[in-house]
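One letter stands for each residue in the lines below.
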Amino acid sequence: MMDDHQAHQSVREAVERTQQYFLRTQRDDGCWWGELESNPTIEAEYIMLTRFLRSDEGDRIPRVAADIRRRQQPDGSWRMYYGAPGDLSTTIECYFALKLAGDPPDAPHMAQARAFIIENGGIPKSRVFTKIWLALFGQLDWRATPSMPPEIMLLPKWAPFNIYRFSSWARATIVPMTIVLTLKPTRPPPAGAGIEELRRDGPEALAVSRFKPNPLSVQGGFLLMDRALRLWRGLRLVPGRRRALRAAVDWIVTHQEGDGSWGGIQPPWVYSLIALSALGHPLDHPVLAKGLQGFRNEWSLPSPDGAALRVQACLSPAWDTALAMRGLMDSGVSPDHPAIQRAAEWLVGKEVRYAGDWAVKRPNLEPSGWAFGFDNVNYPDIDDSSVIVANLALTNLADRASDAAKEATIDRAVDWLTGMQSSNGGWAAFDHNNDSRSVTKIPFADFGEVLDPPSADITAHMLEMYGILGYSRWHPAVRRGLHYLWQQQEPDGSWFGRWGVNYLYGTGAVLPALEALGVDMAQPAVRKAVQWLVDTQNPDGGWGETCESYVDPTLSGQGDSTASQTAWALIALIAAGEAVGEPVTRGIEFLVATQQADGTWDEPQFTGTGFPGYGHGDRPTKKGAPADSLQGAEMGAAFMINYHLYRNYFPLWALGRYLSAVAPRVAQAVPLGRTETETDKSPNAIQEVIDLPTGPSRRARRQRSPMGSHRAVHRPTAPPP
């Protein structure tokens, strides 16, 4: 193990390399933006979408097909995340997409995929959305799909199954699905592109659910209701049907985002285009044309050799920019550095001033917040917004006018965020009190999440924001948020991570939030969390956690070491006052040793979460997988993410906070006759633009920063939740 001076020097050099990486990769507009890698159903569904629409995409389809082929596994399957076993539904969709792209069924890779599909139960065992895709092309009877009548659009907002009871992403998907499942459009594929070789006859081929719930259970009751709705949707004349379809179309058209998407995510995007096409809208209709063009822009990423093309499920520039800014500032980059100022100005310009779907439940709040992507104003999200507000509060802009605009933005955003607190004291991603579990039992909900309940990680980011702004722990919103967090702590001391993998992410968010609010970090609950982190450290000094911990909570904190998850653990331990302990030293050494020459890290693992696939969206207990789990280790009902910048900015946070915490100790131990400045000089020093943190703690530096003015200003005026 290195002594203090060796460690300090190596960490400073590692910090400089990563700082330089971010300074040279900032976009001209001021943001940072990395790839959001997900699973190959995104590419498969893009091929199916464009074939259904009969849209000529030139050489794009062969290149997208090439990306799908490159991601096939040795057993012939395709998987949902790195290291996962093959997933049946994903493999069916990829197989069919490749046939639509022209791959012959007797090609070796197709034969392997077909064998995997048949061995694992075939089409009857696939998820609802896979069955809908096959029905669109006449490869499956529409009777094997659930009912979702468009009359749901006419229900009042207080009704149990109105669309605003669903999460924002489920809502945006359900609305076009009411059209698709009512009209049941079918467009046969080209000759030879069908999948007759996978089809089966018999009753099981028409099963709506891939499970067999107890007829007396809630799920069984909803399946019976689904049969009744089939009879209803089969009637020629249904009262209100035309008005319901018109309401669905109006909702779709008014919710299209500036980049052509819906909600800034792929699923509602593809189904909205299909629904409009099924109603007879041509490809040159403004909404369809804009939607197709959006896929061709930033959403498509070519491979390094240019031969393949990947379609992203979502774009994350606001999130990436906020986290990159925090990493740079926490590692000593001045808050008035030009790169920080450009990023802050870009973020100020991206504030959402439109009352989106959240306003249905919170109509009295003034619009504010930030969306995840470049241009999706209907859905500002609380997680992004809380981190962005904290960053803006730490930033100095170039002139008074810019700074005044920033201050006004912070004031609006804090009021909006405070007003979005849910009744239990926590914060969700997009909505207020979106926790009506009855909607999770419908047959349509056998994939992903249909609710957006509060989570510990988002609540922690909110509380850390309040701490940075100088709020007291006794402020009503803060007090209720802290109460929620303590209730959410697991018996072993960790916290569940709803939006990152998993207990490492949750715990890595909570402890810094507690520290930012001045909570006593010596109390037993915090010490229990510290002990859990120490106990889960890997022999190589790093930390890692498999995505499978979402279906088997006994795997919490277990997995191959990754840069991002190691950083989360280190950030938490440093916040708890453990910077000089052996676990942190070993973790820092792991990050330094695994850093690449350009200041980045390699991380193929998926450490981000879109949704764990529970349906209800809430955390399970650690006694085992949820009783109503829709998946096994393949996580076929989940949506996992590899954010390609997580591996870089989170380690920068951790290394920077480590330097800040240990600098006083190193300074006291400088050998006689030498100064710390001399000791720390390196050929690649960038001190003219970087103020590497030494001396005061991060908390003390915050208190002296210009954001101190927000302490008196930011007292929320929004209506109490």
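As shown above, the structure is provided for reference.
Definitions and cut-offs
- Residues numbered from 1 in each chain as written.
- Predicted model: local features only at pLDDT ≥ 70, side-chain atom pairs only at ≥ 80, totals over all residues.
- Heavy atoms only, no water.
- Helix = DSSP H or I, 4+ residues; strand = E, 2+ residues; numbered from the N terminus.
- Buried < 20%, exposed > 50% of the residue type's maximum accessible area, 1.4 Å probe, protein only.
- Polar contact = N/O pair within 3.5 Å; in protein donor to acceptor, adjacent residues only side chain to side chain.
- Core = buried A, V, L, I, M, F, W, Y, C linked by side-chain atoms within 4.5 Å.
- Contact = heavy atoms within 4.5 Å.
- Pairing = 2+ DSSP bridges.
- 1 Å grid on protein atoms, 1.4 Å probe; cavity = no way out; pocket = protein on both sides within 12 Å on 5 of 7 lines; lining within 4 Å.
- Points joined across faces, edges and corners; volume = space filled by probe spheres on them.
- Nonpolar A, V, L, I, M, F, W, Y, C, P; charged D, E, K, R; others polar.

## Structural notes on unusual backbone geometry
Next, step 1: A cis amide bond links V501 to the next residue, N502, at an omega of -25°.
Next, step 2: As for its placement among the helices and strands, N502 is situated in the loop between α17 (476–488) and α18 (503–516).
Next, step 3: With a phi angle near 60°, R54 is a residue other than glycine that sits in the positive phi range.
Next, step 4: By the secondary structure assignment, R54 is in the loop between α2 (41–53) and α3 (60–70).
Next, step 5: On the basis of relative accessibility, which here comes to 48%, the residue R54 falls in the partly exposed class.
Next, step 6: Positive phi, normally seen in glycine, also occurs at K184, with a value near 50°.
Next, step 7: For K184, a relative accessible area of 28% corresponds to the partly exposed category.

## Side note on the environment of E449
Next, step 1: Looking at the secondary structure, you find E449 in the loop between α15 (400–419) and α16 (456–469).
Next, step 2: A sequence separation of 169 residues divides E449 from D618, and the C-alpha atoms of the two residues are 9.2 Å apart.
Next, step 3: From its side chain, E449 meets the backbone nitrogen of G613 in a polar contact 2.5 Å long.

## Things to note about the nonpolar core
Next, step 1: Residues Y466 and L511 are the most contacted members of the largest nonpolar core, which totals 209 residues.
Next, step 2: In terms of residue count, helix α22 (residues 646–668) provides more of this core than any other element does, ten residues in total.
Next, step 3: Among all residues touching Y466, those that are not within four sequence positions of it are V414, T418, W427, Y471, A477, V478 and L517.

## Focus: the sheet that holds strand β5 (residues 639–643)
Next, step 1: Taken in spatial order, the three strands line up as β1-β5-β4 in an open sheet, and their pairing is antiparallel. A strand with exactly one partner marks an edge of an open sheet, and here the two such strands are β1 (36–37) and β4 (608–611).
Next, step 2: Strand direction decides the pairing type here: β1 and β5, joined by two bridges, are antiparallel. When the bridges of β5 are listed, E37 appears paired with N642.

## So, empty space enclosed by the protein
Next, step 1: Evaluation of the coordinates by the stated rule reveals six cavities of 30 Å³ or more.
Next, step 2: Its boundaries defined by the atoms lining it, the largest cavity holds a volume of some 840 Å³.
Next, step 3: Forming the boundary of the largest cavity are 48 residues, of which W169, I265, G610, F611 and F639 lie nearest the centre.
Next, step 4: At the level of secondary structure, the elements contributing two or more residues to the lining of the largest cavity comprise α2, α7 (168–183), α10 (266–278), α14 (382–393), β4 and β5.
Next, step 5: Here the lining of the largest cavity is built from residues that sort into 31 nonpolar, ten polar and seven charged.
Next, step 6: By volume, the second largest cavity amounts to about 130 Å³.
Next, step 7: Surrounding the second largest cavity, W319, L323, H461, E464, Y505, G508, A509, P512, W568, I571, F650 and W653 form its lining.
Next, step 8: Taken together, the elements giving at least two residues each to the lining of the second largest cavity come down to α12 (317–330), α16, α18, α20 (563–575) and α22.
Next, step 9: The element best represented in the lining of the second largest cavity is α18, accounting for four residues.
Next, step 10: Within the lining of the second largest cavity, the residues separate by chemical class into nine nonpolar, two polar and one charged.

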